[in-house]
Amino acid sequence: MADHPKKKGRDRDLVSDQEHEVAYLMRTAKVTRQKALQAIREAGSNRDKVMEYLGKQ
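Nothing here was measured: the structure is a model prediction, and the numbers come from that model.

Draft legend 1. Region of the structure containing the packing of helix 1 (residues 19-29) against helix 2 (residues 33-43). With their axes 9 Å apart at the nearest point, helix 1 and helix 2 run at an angle of 110° to one another. The angle between helix 1 and helix 2 falls in the class roughly perpendicular. Side by side, helix 1 and helix 2 meet where E19, V22, L25 and M26 of the first sit next to R33, A36, L37 and I40 of the second.

The structure is reproduced here in structure tokens:
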């Protein structure tokens, strides 16, 4: 279920700067909190693009 009640579909493909999502990104990509937040800002909210961004660094 989407985080936003009016949003349709799942938001599994998106990532935000919410604490639990940043923590998950830190664990899966093995990066610091600062790098995870920077990746979200630079690559946008698409989870695949964020992971690709982190892979390039």
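Draft legend 2. Seen up close, helix 3 (residues 47-56). Within helix 3, the full set of buried residues consists of R47, V50 and L54. Viewed along the axis of helix 3, the buried residues span an arc of 60°, placing them on a single side of the element. Turned more than 90 degrees from where helix 3 packs its buried face, D48, K49, G55 and K56 sit exposed. At the N-terminal boundary of helix 3, the capping side chain belongs to N46, with an oxygen 2.9 Å from the backbone nitrogen of D48.

Rules behind the numbers
Residues numbered from 1 in each chain as written. Predicted model: local features only at pLDDT ≥ 70, side-chain atom pairs only at ≥ 80, totals over all residues. Heavy atoms only, no water. Axes fitted to C-alpha atoms, helices over the stretch in contact; angles between N-to-C directions. Helix = DSSP H or I, 4+ residues; strand = E, 2+ residues; numbered from the N terminus. Parallel < 35°, antiparallel > 145°, perpendicular 65-115°, else oblique. Contact = heavy atoms within 4.5 Å. Buried < 20%, exposed > 50% of the residue type's maximum accessible area, 1.4 Å probe, protein only. Arc of directions from axis to C-beta. Polar contact = N/O pair within 3.5 Å; in protein donor to acceptor, adjacent residues only side chain to side chain.

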